[in-house]
Amino acid sequence: MARLTSFRLAIAVAVLVKVVAYAVYGPVFWPDSADYVDYADRLLRDSSWIDSVGAGNPAMPLMIMRMIGYPLIIAITKLLAGDGFASLLIFAQCVASLGATVSLYALARRLFGSDGAAATIAIVFAVSLAVKLDLSVLPDSLFTSLFVTLLSAIGSELLSERRFGFGRALLFGIGVAVLILLRANGMFVALALAPLAIAAIHLGREGWGGRVLLIAALVVPPVAAIDAYRAWNEHRAGTKFLSVGGSHVFMQPLFKMVRAGTDPFVDDGVVDRMVRKYGGAFRFQDIGPVLGALHRETRLTPHQIARATFAKYREAALGYPVALAGVAFRNYHVKAVLGLVNPVTTAVEIHQTVIEEPVFPPIGQVIDDPFGVLDARTLPLALAYAGFGLISLAAFVVFLLGTPAVALRRWRAGGVVDRESLAIAGLWFTYVAVAAMYSAVHLELRYIVCVWPIPSLLGLYVWRAMRTG
């Protein structure tokens with residue numbers, strides 16, 4: 001009965017938060033939302049998208065910059081609901097998010113053996129920034145829900161004593177393939193699950209024959225999806241590739257390096273020359289003119305531009321590793337820590353996105369004179385934000401430093417690496433790997449909500465382990 005009550009409480013909170021948020025703010029459209037809706041309209045208009053990359057920015061045509069997964073989902077909702085597609089889309093995203101919450105609850109219960117702890121973790125996720133994504137016409141909600149489901153499933157599989165079945169492994173592999181169709185970088189995000197998957201396979205099957213079969217079930221679907229997509233792009237654009245979205249992404253940390261005092265654009269390559277000519281103040285908005293010039297003046301194709309910008313990023317990483325590491329460190333947003341166990345962050349971020357007005361003055365002014373710049377409305381909100389922020393900070397520090405220590409202590413005490421130690425170590429690696437990957441190029445809060453539950457989960461795990469000695 002206690003288990004059922006805890007589970008119902010978690011689901012009730014998740015549903016209530018989503019219903020209230022939708023009732024107040026409705027579907028949220030971002031600047032990028034137009035790309036996905038436009039792509040969906042092209043899919044519905046005629047069949048030319050099969051053979052053509054379509055119109056748009058010549059340096060980054062829409063239909064080879066964005067993956068087809070989310071536009072296809074929008075197209076389906078448009079067929080079903082017409083002009084009311086956004087409401088149906090948000091409903092589908094909320095249902096997927098509830099599914100992820102259920103999966104996370106199951107993982108937490110298996111790890112803690114406690115219904116109350118499992119409900120706590122599920123509720124923390126239910127009131128997190130995932131709510132903002134669920135309301136947004138962007139692929140991030142479905143991407144996050146799918147990744148949290150995959151993370152929870154493979155974690156539960158590792159913690160379970162049952163035999164790892166081929167069917168479950170195949171479903172996991174198909175899930176990773178869908179992740180890639182939603183966003184091209186899904187293949188790199190999914191790689192962060194590799195330690196968990198390897199451990200689950202190793203402990204879930206005896207004999208190398210069975211293990212190889214499971215590895216094939218996990219790997220073949222995403223590899224097949226990538227290869228098929230690359231072949232389709234070769235048919236449309238003449239060259240095999242997955243996406244050209246990296247053209248813009250890999251330039252962003254390099255422009256930040258210049259603003260921080262290190263200029264990697266000193267050679268005579270085409271990227272260097274176009275940056276010196278069109279880089280302007282090296283701001284985000286200056287990247288577009290550089291990419292346009294690479295296409296217009298040097299006759300590079302979109303795929304060649306993507307390869308050239310990645311080559312420049314790699315060259316800068318090798319030539320200026322300290323400067324690029326500094327950019328990566330600064331990319332990791334403080335809100336990614338202060339918002340972990342912070343429903344106020346969720347409310348503030350949703351409100352600011354929809355209303356397009358900041359709730360609080362700049363943080364520097366608040367720190368210098370909190371009672372002078374905050375009024376009767378914002379002061380209690382700021383205090384609540386700070387209180388939950390301190391809890392989030394404590395949870396993050398305990399997670400980041402305590403998880404490796406607890407895993408090592410369990411290994412030393414038992415003399416073997418058990419399932420629980422492997423699970424917490426694998427989860428820790430997943431968070432660190434995903435956060436590091438995005439920080440190394442470009443990080444927005446919505447990108448890392450997919451690993452948002454991990455610090456809360458492991459922070460509570462370590463705290464409980466410390467209490468019990």
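Because the structure is a prediction, the values reported are computed rather than measured.

Helices and strands together make up the secondary structure of the protein, namely 25 helices and zero strands. On C-alpha atoms alone, the protein measures out to a radius of gyration of 23 Å, which is about the 23 Å that the 2.2 N^0.38 rule sets for 469 residues. Once the C-alpha set of the protein is aligned to its principal axes, its extents read approximately 70 × 65 × 50 Å. Split into buried and exposed, the 469 residues of the protein put 50% on the buried side. In the protein, the share of contacts with a sequence separation of at least 24, taken over all contacts with a separation of at least 6, comes to 75%. For the protein, the exposed surface amounts to about 21100 Å²; the carbon and sulfur share of it is 66%. Between the centroid of the 40 positive side chains of the protein and the centroid of its 31 negative side chains there is a distance of 7 Å.

Turning our eyes to something else, we now look at the side chain of Thr346. Structurally, Thr346 is set in helix H20 (residues 343–355). Accessibility expressed as a relative area gives 5% for Thr346, which makes it buried. The residues touching Thr346, leaving out its near neighbours within four places in the chain, are Val127, Ser128, Leu129 and Val131.

Another point: helix H8 (residues 140–159). In this model H8 runs 28 Å from its N-terminal to its C-terminal C-alpha over 20 residues, within 8% of the 28 Å that 1.5 Å per residue would give. Of all 20 residues making up H8, 18 are buried, and the element is well covered by its neighbours.

Our focus in this paragraph is a nonpolar patch on the surface. Residues Phe166, Leu170, Leu171, Ile174, Val178 and Leu213 make up a contiguous nonpolar surface patch of roughly 500 Å² in combined accessible area. Structurally, Phe166 is set in helix H9 (residues 166–182). According to the relative accessible area criterion, Phe166 is partly exposed, its value standing at 37%.

This part is about the packing of helix H6 (residues 115–126) against helix H25 (residues 453–468). Between H6 and H25, the least distance of the axes is 9 Å, while the angle of their chain directions is 150°. Here H6 lies roughly antiparallel to H25, going by the angle between them. When the axes of H6 and H25 are compared, the crossing they make is right-handed. Within the contact between the two elements, H6 uses Ala117, Ile121, Val124 and Phe125 and H25 uses Pro453, Ser456, Leu457, Leu460 and Arg464. Among the residues making up the contact of H6 with H25, the classes are represented as seven nonpolar, one polar and one charged.

Right, let's talk about the packing of helix H5 (residues 85–112) against H8 for a bit. Put simply, H5 and H8 touch, their axes get as near as 8 Å, and they point 25° apart. As summarised for this structure, H5 and H8 are arranged roughly parallel, according to the angle between their axes. For the crossing formed where H5 meets H8, the hand is left-handed. Residue-level inspection shows Gln93, Ala96, Ser97, Gly99, Ala100, Ser103, Leu104, Ala106, Leu107, Arg110 and Leu111 of H5 in contact with H8, the latter providing Ser141, Leu142, Ser145, Val148, Thr149, Leu151, Ser152, Gly155, Ser156 and Leu159. Broken down by class, the residue content of the contact of H5 with H8 amounts to 10 nonpolar, 10 polar and one charged.

For the rest of this paragraph, the subject is the pattern of salt bridges. Counting across every chain of the model gives 23 salt bridges. A salt bridge links Lys335 to Glu349, with the nearest nitrogen and oxygen atoms 2.8 Å apart. Here Lys335, found in helix H19 (residues 335–338), pairs with Glu349, found in helix H20; they are 14 residues apart in sequence, far enough to count as distant. Overall, Lys335 belongs to the partly exposed group, its relative accessible area being 24%. One salt bridge connects Glu420 with Arg410, and the closest N-O pair in it is separated by 3.4 Å. Residue Glu420 is located in helix H24 (residues 419–441), and its partner Arg410 is located in helix H23 (residues 378–414); the two are separated by 10 residues in the primary sequence. Relative accessible area serves as the criterion here: at 28%, Arg410 is assigned to the partly exposed category.

Cut-offs and rules
- Residues numbered from 1 in each chain as written.
- Predicted model: local features only at pLDDT ≥ 70, side-chain atom pairs only at ≥ 80, totals over all residues.
- Heavy atoms only, no water.
- Helix = DSSP H or I, 4+ residues; strand = E, 2+ residues; numbered from the N terminus.
- Rg over C-alpha atoms; globule rule 2.2 N^0.38 Å.
- Buried < 20%, exposed > 50% of the residue type's maximum accessible area, 1.4 Å probe, protein only.
- Contact = heavy atoms within 4.5 Å.
- Areas by Shrake-Rupley, 256 points an atom, 1.4 Å probe, with all protein chains shown as cover.
- Lys, Arg positive; Asp, Glu negative; His and termini not counted.
- Charge placed at Lys NZ, Arg CZ, Asp CG, Glu CD.
- Expected span 1.5 Å × (residues − 1).
- Patch = residues over 30% accessible without salt bridge, like charges linked within 9 Å, V, L, I, M, F, W, Y side chains within 5 Å.
- Salt bridge = Lys/Arg side-chain N within 4 Å of Asp/Glu carboxyl O.
- Axes fitted to C-alpha atoms, helices over the stretch in contact; angles between N-to-C directions.
- Parallel < 35°, antiparallel > 145°, perpendicular 65-115°, else oblique.
- Left-handed = near helix turned anticlockwise from the far one by under 90°.
- Nonpolar A, V, L, I, M, F, W, Y, C, P; charged D, E, K, R; others polar.

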